[in-house]
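In case you want the letters, here they are:
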Amino acid sequence: MIHSASEPHQPGQPTRGAPGPQDGAREPILATSGVSKTFPGVKALQGVDFRLFPGEVHTLMGQNGAGKSTLINVLTGVLAPDAGTIRLGGEVVAFGSPQEAEAAGVRTLYQEVNLCPNLSVAENIFAGRQPRRFGAIDWPDIKRRAQAALARLDVSLDVTRSLDAYPIAVQQMVAIARALSVDARVLILDEPTSSLDDSEVAQLFKILRHLKQSGIAILFVTHFIEQTYAISDRITVMRNGEREGEYLARDLPADQLVAKMVGHERMSARLREAAHEEQVADALQDSAEEMPQVAHAQAAAPFVELRGVGRRGTLQPIDLDVQSGQILGLAGLLGSGRTETARLLFGADRADSGTILVNGKPVRLRTPRDAVRHGIGYCAEDRKKEGIVAELSIRENIVLALQARRGWWRKISRPRAREIADQWIERLGIKASDAEQPIGLLSGGNQQKALLARWLATDPKLLILDEPTRGIDVAAKFDIMDRLLALCANGLSILFISSEISEVLRVSHRVAVLRDRRKIAEVAGKASNEDNIYRLIAGSGE
Amino acid sequence: MKLSNWFARDGGERQLLWPCVTLVLLCGLNLLVNPHFLALRTLDGHLFGAPIDILNRAAPLVLVAIGMTLVIATRGIDISVGAVVAIAGAAAATILSTEAVPSGALVAQALVAALVVGLLSGMWNGVLVSFVGMQPIIATLILMVAGRGIAQLLTAGQIIPIGAPAYLFVGGGYLLGIPCSVWIATVVVLATAALIEGTALGLFIRAIGVNPVATRLVGLRSKAIVFAVYAFSGLTAAMAGILISSNVRSADGNNAGLLLELDAILAVTLGGTSLLGRRFSFAGTILGALIIQTLTYTTYSIGVPPEATLVVKAAVVLAVSVIQSPAARALAVSFGASLVKHRGVAR
């Protein structure tokens, strides 16, 4: 039953590009070549080659928007690729629907457990394909087979109890049992661990190893780095819709993985040297020493100070200062607490601990309105959902925050609003036919500029920018960042959040590094180098 | 700013095209049956004629629908307005019935009481929707059901006749030859439009309707605005309640304003305001209310038997809704095109 514990790869060499010679011994069970997928305005996948071998756990890593989900959707028949081929067991396949993919043995488990909590465990495992006997459902058989399916995973449950009687982790096991109850050759797990605690993750991994031994190919998507190394044999890194590379997990140190995810092409020799723990510790100490220096350099008092501000389940209590006229960058992976910090500071979520000081005085920021009144503006991460009011004109979108601050009675007259809008359209170089155009029709970059204008029109003291350059072409990106730096020179403070570390470093005076919902370090922005930050994020400094 | 802009802004004109077409078609149908449909004549210095009659009878619906427009613009709905109409009428009638010959002061008291009761009803809805966070349809369902009970408690289950001439003037009198209720509806519509577009409320309500999440994040007090919108809807429903009770000279807790909420919702949607929260149009709502009232008039005038009236009305409403739906029109066009093509092939 056990396939082969012996690894056909030569260690030490990442397997980049086309299948290397060292893989000649084995055929991938599932492979894509040159798969592309374009959505309106976005190249979600560009010529992606991907291979999944039987008896391996292969982890797909990449930041938000890197193309992981699109690749999974193409593999499972949810989306049809625009170009390229998919091979299953050597034969070219084109799944028209998830059902076809399932029938061919590609089973998928999505992030949220999508079972019926009100049905019994056994019913959930066999829903839609109940064994029948004389036309009626054969209940004893279902029960027997459900127990057998769970036993295969080393799980023993009362299969007649309803699913919601069990914790999420167990429900996940049931979902896996369901996925495997038909002959599965490939098991795809899309972020299955995001709602599990440590011991539950350990149990899941035990099962995955067990399945791996029996020859099933497992594709695993996560953005938890520790988990990646705990379970993976092979890692494929995606970035901006392209495959960055395929590596054997044991050949790819965590800090390099992070660097590849966030788009740090070349690995400096300095980083390789620093792999020794001593030097890592030194580097950390360096950054720690830089902090007071920066603070000395800043005679000006901080505009905003967060003291132990946190929210249970969202963010561990955090200390953070944003100096007047400076940019504080927040670096960290998705889910590290970046956006959560921003939302607590802006009052979009309510902090349940700590105090916030504005200009040295404690204030209560319980709603966005409170924050706005203290001169804080917030460009949210999700432009479409939390930023633009799509059907309203650019003019109406730009004056909205200013008008909200003035109150409903003191209306900004239409000509005045037009004047404000035209002025910002010109200053920020927003490309639009005129200010009366609905904002929803603009490109992403211009929408972002209009949202910047919305806040700049209120003459804010602090602007929180969460991924202000996501989904924006390079030219617009630099344009926006340069304008931000110019604004800072005029005394505006900015809290800058981006998953692109190089971008954070380029603009920030100081950078707070977050990991696992807590702040782990603060370094001087321009003085420190990217490698430092990758190490901190990857956690290899501990 | 042009008055038309106050009613329908930025491309709203095109939004009003189809309601206008519908109203013209209905009037055309009436003209076919009765060539004197549009004729007006004066009697004792009062204007009479079908158009005046339609406007007069549409006035309560217009009032309710104006309040409903703002509620729907915030992605809400208020199905309690019919019950509020009954409560307001019952409150006024109860106060008027305390004196055999009501004085002017008592009439004023009755009017104020009716409006206050309506406002309180609306505030109740507003609290449930905005601060408690209930689904609007459920929140207002409570008052829709309970309101009828309250009205019946006020009238002790009886139909209370109203005799005070000053009160009857409000819904049945004439001013400068035009029915009083038409004046009232016109003034309320203009005042509302001025309030909404003359201040920033229009912008705020539109923003809430299109993207409530983003609106909260610009620091707007969305909850207070939504609350106010429901309170206002209660107020306009109370005005309609006064007009109706004055017009029929009685307060009937059971039947006053029955199903008026549905006509109001229909008027708003016929006027092109989406139930999913979009740009709203007062002018569209007024057109919608006039379409509904003209339709009712038409069913009587062309001699539809009373028992069939509701079915005919429903059929016309369905047809109007289909005509106004861009998707349905596109479908019809492509179907027509394919029909032409097939015939061409057959030949």
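Residues numbered from 1 in each chain as written. Chains lettered and ligands numbered in written order. Predicted model: local features only at pLDDT ≥ 70, side-chain atom pairs only at ≥ 80, totals over all residues.

Peer 1: Looking at this structure, how should I read the overall build of chain B?
Peer 2: Counting secondary structure elements, chain B contains 16 helices and six strands. Relative to its full complement of 347 residues, chain B shows a buried share of 48%. For chain B, the proportion of contacts with a sequence separation of at least 24, taken over those separated by at least 6, is 77%. (Helix = DSSP H or I, 4+ residues; strand = E, 2+ residues; numbered from the N terminus. Buried ≥ 20, exposed ≤ 12 C-beta atoms within 10 Å, placed from the backbone. Contact = placed C-beta atoms within 7 Å.)

Peer 1: It is not clear to me how the overall build of chain A should be interpreted in this structure. Could you clarify?
Peer 2: Summing up its helical and strand segments, chain A has 19 helices and 22 strands in all. Burial analysis of chain A (542 residues in total) assigns 45% to the buried set.

Peer 1: What is the right way to read the nonpolar core from this model?
Peer 2: It is characteristic of soluble globular proteins that their nonpolar side chains tend to be buried jointly. Counting 246 residues, the largest nonpolar core has I464 and L495 of chain A together with V62, A88, A92 and A238 of chain B as the members making the most contacts within it. Every residue in contact with A92 of chain B, bar those within four places of it in the chain, is listed here: A110, L111, A113, A114, I242, S245 and A251 of chain B. (Core = buried A, V, L, I, M, F, W, Y, C linked by C-beta atoms within 7 Å.)

Peer 1: Is there a simple way to explain the sheet that holds strand β15 (residues 327–331) of chain A in this structure?
Peer 2: Two orientations exist for strands paired in a sheet by backbone hydrogen bonds: parallel and antiparallel. Residue and element names in this part refer to chain A. Within the open sheet, the six strands sit side by side as β18-β19-β20-β15-β21-β22. Their pairing is mixed. The sheet is open, and its two borders are formed by β18 (376–379) and β22 (518–524), each paired with just one other strand. Adjacent strand axes in the sheet meet at a mean angle of 15° when their direction is disregarded. Note: β15 against strand β20 (residues 493–497), four bridges, orientation parallel. From the neighbouring strand, L330 faces β20, where its bridge partner is I497. Docked against the sheet, helix α19 (residues 530–538) engages β15, β21 (510–515) and β22, running at close to 25° with respect to β21. (Pairing = 2+ DSSP bridges. Axes fitted to C-alpha atoms, helices over the stretch in contact; angles between N-to-C directions.)

Peer 1: Can you walk me through the sheet that holds strand β10 (residues 217–221) of chain A in this structure?
Peer 2: All names here are of chain A. Here six strands make up an open sheet; going across it, the order is β6-β9-β10-β3-β11-β12 and the pairing mixed. The sheet terminates laterally at β6 (106–109) and β12 (242–248), the two strands that pair on one side only. Neighbour-to-neighbour, the strand axes of this sheet turn through a mean angle of 20°, independent of strand direction. Where strand β3 (residues 57–61) meets β10, four bridges bridge the pair, whose relative direction is parallel.

Peer 1: Help me understand unusual backbone geometry in this model?
Peer 2: Generally, phi is negative for residues other than glycine and the peptide bonds are trans, each holding for most cases. All names here are of chain B. Here R75, not a glycine, exhibits a phi torsion of approximately 70°, which is positive. Within the secondary structure, R75 sits in the loop between α4 (50–73) and α5 (81–96). The phi angle at L259 is positive, at roughly 65°, despite the residue not being glycine. Assignment of secondary structure puts L259 in the loop between β6 (250–252) and α13 (260–270). The class of L259 is exposed, set by 9 C-beta atoms lying within 10 Å.

Peer 1: Help me understand the interface of chain B and chain A, please; the structure alone is not making it clear to me.
Peer 2: Interfaces are often sized by the amount of accessible area the parts lose when they come together. Between chain B and chain A, the residue contacts involve 22 residues of the former and 25 residues of the latter. Breaking the side of chain B that touches chain A down by element, the ones donating at least two residues are α10 (201–210) and α11 (212–216) of chain B. Per element, the largest residue contribution to the side of chain B that touches chain A is six residues, and it comes from α10 of chain B. Residues that form the side of chain B that touches chain A fall into these classes: eleven nonpolar, five polar and six charged. (Nonpolar A, V, L, I, M, F, W, Y, C, P; charged D, E, K, R; others polar.)

Peer 1: Help me understand the pairing of strand β19 (residues 462–466) of chain A, please; the structure alone is not making it clear to me.
Peer 2: Regular strands have side chains that alternate between both faces of the sheet. Residues and elements named next belong to chain A. Burial runs high along β19: five of the five residues are buried. Alternating positions in β19 separate into two faces, L462, I464 and D466 on one and L463 and L465 on the other, with burial throughout. Strand direction decides the pairing type here: β18 and β19, joined by four bridges, are parallel. Of the residues in β19, the one forming a bridge with G377 is L463. Of the strand pairs in this sheet, β19 and β20 are connected by five bridges, and their pairing is parallel. Bridging across to β20, L462 finds its partner in S493.

Peer 1: Before we go on, may I ask you to explain the packing of α5 of chain B against helix α12 (residues 222–248) of chain B in this structure?
Peer 2: For any two helices packed against each other, one specifies the inter-axial angle together with the distance between the axes. All names here are of chain B. In the contact formed by α5 and α12, the axes pass within 7 Å of each other and the chain directions differ by 55°. When the interaxial angle is binned, α5 and α12 end up oblique. Relative to α12, α5 is oriented so that their crossing is right-handed. In contact with V81, V84, V85, A86, A88, G89, A92 and A93 of α5, α12 contributes S233, G234, A237, A238, A240, G241, I242, I244 and S245. (Parallel < 35°, antiparallel > 145°, perpendicular 65-115°, else oblique. Left-handed = near helix turned anticlockwise from the far one by under 90°.)

Peer 1: Quick question: what am I supposed to make of the environment of L219 of chain A here?
Peer 2: All names here are of chain A. With respect to the secondary-structure elements, L219 resides in strand β10. Owing to 25 C-beta atoms within 10 Å, L219 belongs among the buried residues under this scheme. For the pair L219 and L60, spaced 159 residues apart in the sequence, the C-alpha separation amounts to 7.2 Å. Apart from the residues within four sequence positions on either side, L219 is in contact with L52, H58, L60, V186 and I188.

Peer 1: Is there a simple way to explain the environment of D78 of chain B in this structure?
Peer 2: Residues and elements named next belong to chain B. For D78, the location among the structural elements is in the loop between α4 and α5. Residue class for D78 comes out buried when judged on the 34 C-beta atoms lying within 10 Å of it. In this structure the C-alpha to C-alpha distance between D78 and A139, which are 61 residues apart in sequence, comes to 8.4 Å. In this structure, D78 is in contact with M68, V71, N125, T140, Y230 and S233, ignoring residues within four places of it in sequence.

Peer 1: Explanation requested: the confidence of the model for chain B in the structure shown.
Peer 2: If pLDDT is low for a region, its predicted coordinates should not be looked at in detail. Of the residues in chain B, 94% reach a pLDDT of 70 or more, and the chain-wide mean stands at 87. Interface scoring of the predicted complex returns ipTM 0.82; its pTM is 0.69. (pLDDT = per-residue confidence, 0-100.)

Peer 1: So what exactly am I meant to see when it comes to the packing of α5 of chain B against helix α7 (residues 136–154) of chain B here?
Peer 2: All names here are of chain B. In contact at an axis separation of 8 Å, α5 and α7 are set at 15° when each is read in the N-to-C sense. Viewed along their axes, α5 and α7 adopt a mutual orientation that is roughly parallel. Along this stretch, α5 crosses α7, giving a crossing that reads as left-handed. For the pair formed by α5 and α7, the contact residues are G82, A83, V84, A86, I87, A90, A91 and T94 on the first element and L143, M144, G147, R148, I150, A151 and L154 on the second.

Peer 1: Help me understand the pairing of β22 of chain A, please; the structure alone is not making it clear to me.
Peer 2: All names here are of chain A. Direction of pairing for β21 relative to β22: antiparallel, over a ladder of six bridges. Counterpart to A512 in the pairing with β22 is E522. Linking β21 back to β22 in an antiparallel pair, the connection comprises two residues, with D516 at a positive phi of about 50°.

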